[in-house]
Amino acid sequence: MEEGARHRNNTEKKHRSGGESDASSEAGSGGGGVALKKEIGLVSACGIIVGNIIGSGIFVSPKGVLENAGSVGLALIVWIVTGFITVVGALCYAELGVTIPKSGGDYSYVKDIFGGLAGFLRLWIAVLVIYPTNQAVIALTFSNYVLQPLFPTCFPPESGLRLLAAICLLLLTWVNCSSVRWATRVQDIFTAGKLLALALIIIMGIVQICKGEYFWLEPKNAFENFQEPDIGLVALAFLQGSFAYGGWNFLNYVTEELVDPYKNLPRAIFISIPLVTFVYVFANVAYVTAMSPQELLASNAVAVTFGEKLLGVMAWIMPISVALSTFGGVNGSLFTSSRLFFAGAREGHLPSVLAMIHVKRCTPIPALLFTCISTLLMLVTSDMYTLINYVGFINYLFYGVTVAGQIVLRWKKPDIPRPIKINLLFPIIYLLFWAFLLVFSLWSEPVVCGIGLAIMLTGVPVYFLGVYWQHKPKCFSDFIELLTLVSQKMCVVVYPEVERGSGTEEANEDMEEQQQPMYQPTPTKDKDVAGQAQP
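So, how was this worked out
Residues numbered from 1 in each chain as written. Predicted model: local features only at pLDDT ≥ 70, side-chain atom pairs only at ≥ 80, totals over all residues. Heavy atoms only, no water. Patch = residues over 30% accessible without salt bridge, like charges linked within 9 Å, V, L, I, M, F, W, Y side chains within 5 Å. Areas by Shrake-Rupley, 256 points an atom, 1.4 Å probe, with all protein chains shown as cover. Salt bridge = Lys/Arg side-chain N within 4 Å of Asp/Glu carboxyl O. Helix = DSSP H or I, 4+ residues; strand = E, 2+ residues; numbered from the N terminus. Buried < 20%, exposed > 50% of the residue type's maximum accessible area, 1.4 Å probe, protein only. Contact = heavy atoms within 4.5 Å. pLDDT = per-residue confidence, 0-100. Expected span 1.5 Å × (residues − 1). Axes fitted to C-alpha atoms, helices over the stretch in contact; angles between N-to-C directions. Left-handed = near helix turned anticlockwise from the far one by under 90°. Nonpolar A, V, L, I, M, F, W, Y, C, P; charged D, E, K, R; others polar. Core = buried A, V, L, I, M, F, W, Y, C linked by side-chain atoms within 4.5 Å.

(A) Broad picture of a nonpolar patch on the surface. Residues V313, M314, W316, I320 and L324 make up a contiguous nonpolar surface patch of about 500 Å² in total accessible area. Within the fold, V313 resides in the loop between α13 (302–310) and α14 (317–346). Given the relative accessible area of 75%, V313 is considered exposed.

As structure tokens, then:
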């Protein structure tokens, strides 16, 4: 195994020397090398969480939540409870994030606590299902809200939805490949658009309540069931609600780029998630002041229908605002996915080219292109509710595994430094809710959940063949090396690092500090492979 690891190390050195010799003049002779910079402050951290959570879910999932809950009152309870559970899960991730201060989020935590195979399966399902599906759903929602005004009496054609979603993905991939600054500017602008849309919905809801339009908020009407109560369907309602809160853990993916992560990571969580919960609950209250449950379920674009009923000639504001929101959601997802792929490739669990960034733009072009292609493949179907079920089930599966890892780490390593240490009651509460969702999701939608599990398990042979097996045929290693070199030259990318001796001594010391986590994981069988991508 050590001999194989040394061979891969030597291969990587060739890639480094080859790529960097070509790029040395471009990167600059006096700089400290090409690297992802540590410059995300508290405000930007809050923007990442809020911007990634508020994507399409609040504009799409109200329909799915209400349909499965069976009454307005229970649907609102689902939104409130889901927000509370999200806060509990975020607190667990906050402790893990400052105990294991590495980028990659739950992938890094699962790998360090449970070993290489468990971490790889988390990364595998994120690469194949979670990120592409999430981005496909948001892009399809963007298409739906843009095209809905053009088809007032019918649903937009599916071919049109898929084509516009593909254009959205290609455009934002180009922006993210071109410049980190452009990507963050796009995120700022479109986050403001989505907050404006939700503020408008909430204000109109308050106006409706002041006018006495709160029939469906009165207890006797709110809990009037329009279908037979079913605990399995209630579980699916929670799953739909969880999609709307998806993205609460994305800041953990960029921990190494946070300024003072021990303070800013928990602070951003404490600020952002309660804010989002407040906005979500009151947006749903506003919806039922203008629409009956039947009208809401009949709408394929809930926020547009809301605007048509209350805004009159200004109803065009709502679909534009929602389109801005979902467009920014795709951008934020593309931005964070590249960091997850960077962490996986650095650990030797993904092709090494995905850990490279452009020599001038400092953007992870190979990872972004890979994400874009996999998302385009997901656009074969435009049934976003099936896609939401896939994402929700698999996400909750690994959320629970990660939180369980927090308890395991407390037992295995009780004395390691923990800047944040929460009561164990919090992970227990989260795990009980997690088990409830898994059991009844499997019972209610066995085919959907089974397909998700089957996709995840396809990663087992891939792990043993691609990661665990060291002594691969030389022709295969040569082919991978050639493919990596060709990809480097086509994308003009190199491994991010600080070049020793070319920068200041202070910069080198800062880099060393960033690479020394407070928690050192127990070595696993694939540790030699995992370490091969470390500079």
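That shown, we press on.
(B) Highlighting the environment of N52. Topologically, N52 is positioned in helix α2 (residues 42–53). Setting aside chain neighbours within four positions, we find N52 in contact with G47, G246, G247, F250, G332, S333 and T336.

(C) Structural detail: the pattern of salt bridges. Under the counting rule described, the total for this entry stands at 9 salt bridges. Note that E347 is salt-bridged to K111, the shortest N-O span being 3.7 Å. Taken together, the residues E347 in the loop between α14 and β1 (357–358) and K111 in helix α5 (residues 106–114) connect sequence positions 236 residues apart. Judged on exposure class, the residue E347 and its partner K111 are both buried. Ionic pairing is found between K474 and D478, a salt bridge with its closest N-O pair at 2.9 Å. Taken as a pair, K474 and D478 lie in helix α20 (residues 474–491) at a separation of 4 residues, close to a single helical turn. Classification of K474 as exposed rests on a relative accessible area of 60%. Residue class for D478 comes out partly exposed when judged on its relative accessible area of 32%. Linked by salt bridges that have partners in common, K102, K111, D112 and E347 make up one network.

(D) How the structure looks around the confidence of the model for the chain. Mean pLDDT for the chain: 78, with 82% of residues reaching 70 or above. Per-element confidence in the chain is highest for α5, whose mean pLDDT is 91, and lowest for helix α21 (residues 505–514), whose mean pLDDT is 38. A low-confidence stretch, residues 1–32 (pLDDT under 50), is modelled with 56 contacts involving residues beyond four sequence positions or located in other chains.

(E) Layout of unusual backbone geometry. Positive phi, normally seen in glycine, also occurs at D260, with a value near 50 degrees. Position of D260 among the secondary structure elements: in the loop between α10 (231–244) and α11 (261–290). Residue classification places D260 among the partly exposed residues on the basis of a relative accessible area of 34%. Even without being a glycine, V492 presents a positive backbone phi close to 55 degrees.

(F) Structural detail: helix α6 (residues 116–147). Here α6 is 32 residues long and its end C-alpha atoms lie 45 Å apart, about the 46 Å a rise of 1.5 Å per residue gives. Summarising burial for α6: 28 of the 32 residues are buried, a large majority.

(G) Up close: the packing of α6 against helix α19 (residues 459–468). Viewed as axis vectors pointing N to C, α6 and α19 meet at an angle of 115 degrees, and their least axial separation amounts to 10 Å. Crossing hand, α6 versus α19: right-handed. Only G459, V460, V462, Y463, F464 and V467 of α19 make contact with α6, whose side of the interface consists of G116, L117, F120, L121 and W124. Partitioned by chemical class, the residues of the contact of α6 with α19 number 9 nonpolar, 2 polar and no charged.

(H) Fine view of the environment of L324. By the element assignment, L324 lies in helix α14. Judged by relative accessible area, L324 falls into the partly exposed class, the value being 32%.

(I) Structural context of the nonpolar core. If you look at the biggest cluster of nonpolar residues, it comprises 94 residues, and the most contacted ones within it are I201, L251, Y280 and Y430. Filtering out sequence-adjacent residues up to four positions away, Y280 remains in contact with I53, I54, I58, W79, A244 and Y245. Formed by 44 residues, the second largest nonpolar core is a distinct cluster that contains A139, L140, F142 and A345.

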